[in-house]
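Tertiary structure, described
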Amino acid sequence: MASVSATCIGFGTSFELSVRARSQRIGKSWSLVSWGRSSGFRTSGLQICAAKPETLEKVNGIVRKQLALSPETELTPQTKFTELGADSLDTVEIVMGLEEEFDISVEEENSENITTIQEAADLIDKLVDKKA
């Protein structure tokens, strides 16, 4: 069985490269990458991230609980909260559940950018790593 070991690869305009290693295979599916800005670089650029499998699993559980989803409801890293019927209040409650579970604080500007399970898991891993 193949696996990917890089979770974060960033390219700045000065051709800097940063790689953090973690296992990324989740069952039969792969985590998708997200595009964004890296605050670790002197200039903005491209950042590709995929959260730890255990983070994705915890996020799935919190989303299921907050939205009262049945176990049969399929959740993937790409699942958007709005596709599950979540409104803005539901999203706030999901973020609050994530903050409590992971003992982190999500800034309002970051919480507004969380629309999928993958985005939530990526942000959580980033904040947990920053906290450590």
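Residues numbered from 1 in each chain as written. Predicted model: local features only at pLDDT ≥ 70, side-chain atom pairs only at ≥ 80, totals over all residues. Heavy atoms only, no water.

**Digging into the overall build of the protein chain**
What the protein chain contains, in helices and strands, is four helices and six strands. Along its sequence from the N terminus, the protein chain presents helices and strands in the succession β-β-β-β-β-β-α-α-α-α. Long-range pairs, those at least 24 residues apart, make up 55% of the contacts in the protein chain with a sequence separation of at least 6. (Helix = DSSP H or I, 4+ residues; strand = E, 2+ residues; numbered from the N terminus. Contact = heavy atoms within 4.5 Å.)

**Quick look at helix 2 (residues 88-102)**
The terminal C-alpha atoms of helix 2, which comprises 15 residues, lie 21 Å apart, in line with the 21 Å expected from a rise of 1.5 Å per residue. By the burial criterion, the buried members of helix 2 are D90, T91, I94, V95, G97, L98 and F102. Seen along its axis, helix 2 keeps its buried residues to an arc of 160°; they face one direction. For helix 2, the exposed residues lying more than 90 degrees away from the buried face are S88, L89 and E100. Looking at the buried side of helix 2, the elements it contacts are helix 1 (53-66), helix 3 (108-111) and helix 4 (117-131). For helix 2, the capping residue at the N-terminal end is D87, with a side-chain oxygen 3.1 Å from the backbone nitrogen of L89. (Expected span 1.5 Å × (residues − 1). Buried < 20%, exposed > 50% of the residue type's maximum accessible area, 1.4 Å probe, protein only. Arc of directions from axis to C-beta. Polar contact = N/O pair within 3.5 Å; in protein donor to acceptor, adjacent residues only side chain to side chain.)

**Section: the nonpolar core**
Soluble globular proteins tend to pack their nonpolar side chains together in the buried interior. In this structure, V59, V63, F81 and L98 are the most contacted members of the largest nonpolar core, which totals 24 residues. Listing elements by their share of this core, those giving two or more residues are helix 1, helix 2 and helix 4. For this core, the leading source of residues is helix 4, giving six residues. With residues up to four places along the chain from it excluded, the contact list for F81 reads V63, A86, T91, I94, I114, T115, T116, I117 and A120. (Core = buried A, V, L, I, M, F, W, Y, C linked by side-chain atoms within 4.5 Å.)

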